[in-house]
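# Survey of secondary and tertiary structure
The residues making up each chain are set out below.
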Amino acid sequence: MRRILPYIFLLGLFVQCDSKIDIAEAVTIGPLIPKPQELQKGEGHYTLETGAGLFVETEFDVAGTFLTNYLKKASISMKTTSWENGDIVITRDSTLEDEGYVLTVSEGGIVINAKDASGAFYGVQTLRQLMPVDMESSEGIQASSIYIPSVLIKDHPTFSYRGMHLDVGRHFFPKEFIKEYIANLSMLKMNYFHWHLTEDQGWRIEIKKYPRLTSHSAYRDETLIGHYSDTPHKFDGTKYGGFYSQEDIKEIVAFATQHNVTIIPEIEMPGHAQAAISAYPELGCAPYQVPVATKWGVFENIYCPNQKTFGFLKDVLTEVIELFPSEYIHIGGDEAPKAQWKTCGHCQNLIQRLDLKDEHGLQSYFIKEIETFLNSKGKNIIGWDEILEGGLAPNATVMSWRGVQGGIDAAQQKHNVIMTPNSHAYFDYYQADNVDEPLAIGGFLPLKKVYSFNPIPKILNASEATYILGAQGNVWTEYMKDEDKVEYMVFPRILAMSEITWTGPSENIDADYADFLARVEPFHQRLDALDINYANHLYGIDGTIVKDNNTVLYELNTPTAGKEIWYTINNSEEKKYTQPISISEGTQLKAYVVKDGEKMGREFSQTITYHKAITGSVSLNVEPHSAYNAGGKEALINGINGSDSRYGDSEWLGFWGDDVEITIDFGKETKISAVKTRFYNGNGQWIYAPKKIIVEDGSGIVSSIDIDPSNALIAEISVPIEATTRYLKIRVPNYGTIPKGLQGAGNKAWTFIDEISIE
Ligand code: TNX
């Protein structure tokens, strides 16, 4: 065995290289995700063969065991040896950063230096990504030698919290899948798995003291079919459920430890607790029996803040903390409607007796009780951002989900924060606006948007920013029945979350995103070998209307480099796309991507309506909500309709509670006969078509139309108006407050408007 030199002596052998990979080399550096902070390519490669000597510092044994097991997939076994005789050495360098490592591969061997066990493990994960992808397959490969490219990588994470969440309440996933999920996140250098274990629709963790939680609360009678917005609601009539025994949990926790992942269990309170209340009615305030929920949404049946409930929760948490070594326990805190607390005599007495302001004060008291208990056991709590309402518990960490504002408020109050905003981290939202995209809850979160996320809001100063521990992708499974669907929603967005939390948020989004995609595309080979059902929208096409004076052009783009786009217009001859296409009439365009002469992905198809406002301009009295403004106000008159089934794309604009006034300037006097538009009416998502709209031409001609969409998901409106005018104003009064008994009751309704087409 050759003795290898510590990495510092090898530095001279390396030449700085840019991020491009030299494919002329026999042994190339494959795509690395997350991208290391610094990479220098070396000369040649290391040949790893059975019998190679491995030295691992004792406290880095998790890294060493992982590597030893991983190499077995190539039928390579190593010999444990001393530092001097090691061909692969995993050793300490206390000058490095927390969780950081330096990986040196040279012809003489491999050295991983790390300050701590995490860093050593991540050095091994990078090494893994330098090895042949075929090793990932379940059968592995028979290799007499593995060639690993020479390289010097110096790396460390930007954020200490790099997380993924999984809701097993809405749908249950078997133990083996949970392990795979954990293994996948560890490959991407993510270190926290937030396991959402209790819900209205199912309680999933065995608690010995309360057996009905598993015999009763773990099962629901049936499940909603289709989307919550579909009316009437339909159910499958099939009992559904499952749970993890304490033995299962011990096995999963041990597996996570071997993958350097900490599992944070979530036990929801005081809301999302209907399944538990169904088994133990004395925990609720409702004077009637409630079932384990069979559909999605927010339920009024929440825990009653009485001694039975606190006793129950403390018993449950006592068993939970025995099982999970994590410093953190997530106690939920989100979406807890206060209707029952308002009418419950005990709750009202408690508010008075404790001199609390209101029911939010009572929720704050509830969370503080639980925090005091958990702190006394040496644990800290994490709660969703609603725990800010009524005052934060003293040591709580806040998970900001309703945007980043909760995170900002918490950081300014010197509380730790994990960013999981639904604007950038909700992997249950649609990732593409293709009509054939599998059913999702709603929203629109394409890969680039995840990649563009910066967990540190600009408004925070440097000391406040230190409270932002990191970020996490959330995976709510209302619309994910099986493992394939979870993987489809998670991959590739997890790759972006891994990179922004490890490598750091992008400061130059277009260049960095192109570089990222250039790695995601070949990384598919590793995902294929791992048999992961990832979504692939890399061969999609994006079409944008661009206006140049009075000319309307249509621009086509595909996200990765080195592809051609071919298209046809109104069924004419196929052409290769070289420049924006001029549009002067109603157009039906079809296009597809070609890579190396081969047609890739799905066909792109777009109808462009050439109407009288398309060359005009538009202004609004209020800005659309920032989460639903992807196309900007121009989307209202660009000739392109939004999706017929989803409001989250770049064509629909969303307004929350506002009365909207849209003014169109045609640029010159124009004769018009009708105003056509569409409103989304997804009442389950708090979205309501307005009750009427009013059209004014500015010279007294006013036309209005009443709207009653009944159960239609989209209200199609046509307002006849005979006028010759330069300006047109369209007034859209908000629907108003959502009526009692419906999702979001008492809140302002959303208005979603599509194309305004003028005839
Ligand atoms: C809100 S995020 C919830 C979940 C839902 C999710 C769907 C949060 C703390 N609560 O209960 O599953 O929206 O996107």
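Our structure is the block above this text.
Residues numbered from 1 in each chain as written. Predicted model: local features only at pLDDT ≥ 70, side-chain atom pairs only at ≥ 80, totals over all residues. Heavy atoms only, no water.

Here we come to the state of the cysteines. In total, this model carries two disulfides according to the counting rule given. One disulfide in the model links Cys-285 with Cys-304; its S-S distance is 2.4 Å. Judged by the torsion about the S-S bond (100°), the Cys-285/Cys-304 disulfide is right-handed. Taken as a pair, Cys-285 in the loop between helix H7 (274–279) and helix H8 (307–323) and Cys-304 in the loop between H7 and H8 lie far apart in primary sequence, 19 residues in all. Shown here is the disulfide that connects Cys-344 with Cys-347, its sulfur atoms set 2.5 Å apart. Between Cys-344 and Cys-347, the S-S torsion sits near 85°, and that sign places the bridge as right-handed. (Disulfide = S-S within 2.5 Å. Helix = DSSP H or I, 4+ residues; strand = E, 2+ residues; numbered from the N terminus.)

Tallied over the entire structure, the rule returns 35 salt bridges. The salt bridge involving Arg-162 is made with Glu-99; its shortest N-O contact spans 2.7 Å. Placement of Arg-162 in strand E9 (residues 161–167) and of Glu-99 in the loop between strand E5 (88–92) and strand E6 (101–106) is noted, with a sequence separation of 63 residues between them. When its relative accessible area of 11% is taken as the criterion, Glu-99 is described as buried. For Glu-521, the salt bridge goes to Lys-563, with nearest N and O atoms at 3.3 Å. Of this pair, Glu-521 sits in helix H17 (residues 509–529) while Lys-563 sits in the loop between strand E26 (551–557) and strand E27 (564–569), and the two are 42 residues apart along the sequence. The pair formed by Glu-521 and Lys-563 is uniform in burial state, with each residue classed as buried. Taken together, the shared-partner salt bridges in this structure form one network comprising Lys-175, Glu-176, Lys-179, Asp-248 and Glu-251. (Salt bridge = Lys/Arg side-chain N within 4 Å of Asp/Glu carboxyl O. Buried < 20%, exposed > 50% of the residue type's maximum accessible area, 1.4 Å probe, protein only.)

Next up on the list: the site of the ligand. With respect to spatial proximity, the complete set of residues near the ligand consists of Arg-170, His-272, Asp-334, Glu-335, Trp-384, Trp-401, Tyr-426, Asp-428, Ile-441, Trp-476 and Glu-478. Note that an oxygen atom of the ligand is positioned 2.6 Å from one of the side-chain N or O atoms of Asp-428. Per-class residue counts for the shell around the ligand are five nonpolar, one polar and five charged. (Near = heavy atom within 4 Å. Polar contact = N/O pair within 3.5 Å; in protein donor to acceptor, adjacent residues only side chain to side chain. Nonpolar A, V, L, I, M, F, W, Y, C, P; charged D, E, K, R; others polar.)

Here the focus is the packing of aromatic side chains. By the definition in use, this model includes 39 aromatic pairs. A centroid spacing of 6.2 Å and a plane angle of 85° characterise the contact between Trp-195 and Phe-324, whose relative ring orientation is edge-to-face. Here Phe-324 lies in the loop between H8 and strand E18 (328–332) and Trp-195 lies in strand E10 (residues 192–196), a separation of 129 residues in the sequence. Phe-324 gets classed as buried once you look at its relative accessible area, which sits at 0%. Taking the centre distance of 5.4 Å and the plane angle of 85° together, the rings of Tyr-210 and Tyr-280 count as edge-to-face. Highlighted residues: Tyr-210 in the loop between strand E12 (202–203) and helix H5 (212–215) and Tyr-280 in the loop between H7 and H8, separated in sequence by 70 residues. Looking at Tyr-210, the relative accessible area reads 15%, which means it is buried. Classification of Tyr-280 by relative accessible area gives buried; the value is 12%. Sitting over the face of the ring of Tyr-219, Lys-239 holds its NZ or CZ atom 5.1 Å from the ring centroid. (Phe/Tyr/Trp six-rings, centres within 6.5 Å; stacked < 30°, edge-to-face > 60°. Lys NZ or Arg CZ within 6 Å of the ring centre and 35° of its normal.)

What follows is about the sheet that holds strand E17 (residues 262–269). The pairing of strands in a sheet happens through backbone hydrogen bonds and is either parallel or antiparallel. The sheet built from eight strands closes into a barrel, its strands ordered E9-E10-E17-E18-E19-E20-E21-E24 with parallel pairing. The average angle at which neighbouring strand axes cross in this sheet is 30°, direction not considered. Summarising the sheet, strand E20 (residues 397–400) and strand E21 (residues 417–419) pair through three bridges and their orientation is parallel. Paired with Met-399 across the two strands is Ile-418, which belongs to E21. Where H8 meets the sheet, its contacts fall on E17 and E18, and the angle it forms with E17 comes to roughly 170°. (Pairing = 2+ DSSP bridges. Axes fitted to C-alpha atoms, helices over the stretch in contact; angles between N-to-C directions. Contact = heavy atoms within 4.5 Å.)

Quick look at the nonpolar core now. Counting 147 residues, the largest nonpolar core has Trp-195, Tyr-303, Phe-312 and Leu-556 as its most contacted members. In terms of residue count, H8 provides more of this core than any other element does, eight residues in total. Each of two domains, domain 2 (161–338 + 368–511) and domain 3 (542–608), supplies a minimum of three residues to this core. Grouped together as the second largest cluster of nonpolar side chains are 38 residues, Val-62, Val-105, Val-124 and Ile-153 included. (Core = buried A, V, L, I, M, F, W, Y, C linked by side-chain atoms within 4.5 Å. Domains from an automatic or database assignment.)

Examined against the element boundaries, Arg-678 turns out to sit in strand E34 (residues 660–680). Note on Arg-678: relative accessible area 7%, which makes it buried. Within the local environment of Arg-678, its side chain forms a polar contact with the backbone oxygen of Gly-642, the two atoms lying 3.0 Å apart. Among the polar contacts listed, one links the side chain of Arg-678 to the side chain of Asp-754, at a separation of 2.7 Å. Residue contacts for Arg-678: discarding those within four places in its chain leaves Asn-641, Gly-642, Ser-643, Asp-644, Trp-652, Ile-714, Ala-715, Glu-716, Phe-752, Ile-753, Asp-754 and Glu-755.

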